[in-house]
Amino acid sequence: MDYPISIGDDGVNIKPEKMQKEKLYHCIFKNKILLVFKDSQDMLNCYEIEEETLVNRVKNSKSDDEVEIIFEDYVKTVLKN
């Protein structure tokens, strides 16, 4: 399956019909992480993260599994504070 998020000349392109429900997708656009997922009711949810350290960690990641771990660690850190 093609990745449902791409970056083009006109910005970020999202194809919800190619998304699995409850799966997190991401891309980096203009030094921001865009997180997108389709919930169980087919509602599209989008979040933007600008934190430079996190953006750089995701940029330097080698796999989607590594990105998922980065996000999990980030959430744990945020919830502690």
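The structure this text deals with has already been given above.
Since we're looking at a predicted model, the values are computed, not measured.

A. Structural detail: the packing of aromatic side chains. Overall, the coordinates contain 2 aromatic pairs when judged by the stated rule. Where Tyr3 meets Tyr25, the ring centres are 5.5 Å apart and the plane angle is 70°; that geometry is what we call edge-to-face. Separated by 22 residues along the polypeptide, Tyr3 in the segment before β1 (5-8) and Tyr25 in strand β3 (residues 25-29) bring together distant segments of the chain. Each ring, one from Phe37 and one from Tyr47, has its centre 6.4 Å from the other, and the planes form 15°; the classification is stacked. Here the residue Phe37 occupies a position in strand β4 (residues 32-38), and Tyr47 occupies one in strand β5 (residues 44-49), the gap between them amounting to 10 residues.

B. Structural detail: the nonpolar core. One finds Ile33, Leu35, Ile49, Leu54, Val55, Val58, Val67, Ile70 and Phe71 forming the largest nonpolar core, which totals 9 residues. Elements with a minimum of two residues in this core: β4, α1 (52-59) and α2 (64-80). Leave out the neighbours within four places in its chain, and Val58 touches His26, Ile28, Ile33, Val67, Ile70 and Phe71. Grouped together as the second largest cluster of nonpolar side chains are 6 residues, Ile5, Met19, Leu34 and Val36 included.

Rules used in this analysis
- Residues numbered from 1 in each chain as written.
- Predicted model: local features only at pLDDT ≥ 70, side-chain atom pairs only at ≥ 80, totals over all residues.
- Heavy atoms only, no water.
- Phe/Tyr/Trp six-rings, centres within 6.5 Å; stacked < 30°, edge-to-face > 60°.
- Helix = DSSP H or I, 4+ residues; strand = E, 2+ residues; numbered from the N terminus.
- Core = buried A, V, L, I, M, F, W, Y, C linked by side-chain atoms within 4.5 Å.
- Buried < 20%, exposed > 50% of the residue type's maximum accessible area, 1.4 Å probe, protein only.
- Contact = heavy atoms within 4.5 Å.

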